[in-house]
Amino acid sequence: MEQYIEFITNNIGLSLIWVGIAVMLIMSWFKSKFSPIKQVNPQQLTMAVNRENAVILDIRAQADFNKGHIANSVHLASEKAKQKEFSTIEKHKNDPIIVVCVTGMTASGVADSLFKAGFTQVSTLTGGIGAWQGAGLPMTSGK
């Protein structure tokens, strides 16, 4: 125990950084646990589409979407998503919607905007399209 106290007193800057990181991790965990927006993995996405007729909303660039996307996914340009222009998916307000991006980072912001716009069941694909491809699941090309 004395070694910890000595380390902390000799390295206050490092200790504060460590405490800050620990607090951010704990806050992130609580936020994800109590958020109305859930994260799903590729298998859960497949089950949601098959059992609940979930809508997959792909927000990647049009060129990336055309190169390959999850079958039957709906494309929404990230510019429109950032401007909160959801008219193309308005009819799916009460359906489960799973937002997909490249890595899963951009999708959370769009999912939050969708939820605030009145979409009731919004999720994101953890790891984005990369996780889908990593799981060896099929992609469709074209529009």
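Here's what I pulled together on the structure shown here. Quick caveat: nothing in here was measured; it's all calculated off a predicted structure.

Thoughts on helix α6 (residues 105-116)
What sets the pattern is the α-helix's 3.6 residues per turn: residues three or four places apart point alike.
(1) Moving on: Along α6, the positions that sit buried rather than exposed are Ala107, Val110, Ala111, Ser113 and Leu114. In a view along the axis of α6, the buried residues occupy a sector of 160°, so they form one face of it. α6 presents Met105 and Lys116 as exposed residues on the side facing more than 90 degrees away from its buried surface.
(2) Moving on: Those residues of α6 that are buried are in contact with β2 (55-58), α5 (78-82), β4 (96-100) and β5 (121-125).

Considering the packing of aromatic side chains
(1) Moving on: Under the definition given, this model contains two aromatic pairs.
(2) Moving on: With a centroid separation of 5.0 Å and an interplanar angle of 80°, the aromatic rings of Trp29 and Phe30 are classed as edge-to-face.
(3) Moving on: The partly exposed category is assigned to Phe30, whose relative accessible area is 41%.

Some points on the nonpolar core
(1) Moving on: Core analysis: the largest hydrophobic core is formed by 17 residues, its most contacted members being Leu57, Ile59, Ile89, Ile97, Val99, Leu114 and Phe119.
(2) Moving on: When contributions to this core are tallied by element, the ones reaching two or more residues are β2, β4 and α6.
(3) Moving on: In terms of residue count, the dominant contributor to this core is α6 (four residues).
(4) Moving on: Judged by nonpolar contacts, the second largest core, of eleven residues, contains Val40, Ala54, Leu125 and Trp132.

A word on the pairing of β5
(1) Moving on: Most of β5 is tucked away, with four of its five residues classed as buried.
(2) Moving on: When strand β1 (residues 38-40) meets β5, the two strands line up parallel, connected through three bridges. Paired with Val40 across the strands is Leu125, a residue of β5.
(3) Moving on: Where β4 and β5 come together, four bridges link them in parallel fashion.

Rules used throughout
Residues numbered from 1 in each chain as written. Predicted model: local features only at pLDDT ≥ 70, side-chain atom pairs only at ≥ 80, totals over all residues. Heavy atoms only, no water. Buried < 20%, exposed > 50% of the residue type's maximum accessible area, 1.4 Å probe, protein only. Helix = DSSP H or I, 4+ residues; strand = E, 2+ residues; numbered from the N terminus. Arc of directions from axis to C-beta. Contact = heavy atoms within 4.5 Å. Phe/Tyr/Trp six-rings, centres within 6.5 Å; stacked < 30°, edge-to-face > 60°. Core = buried A, V, L, I, M, F, W, Y, C linked by side-chain atoms within 4.5 Å. Pairing = 2+ DSSP bridges.

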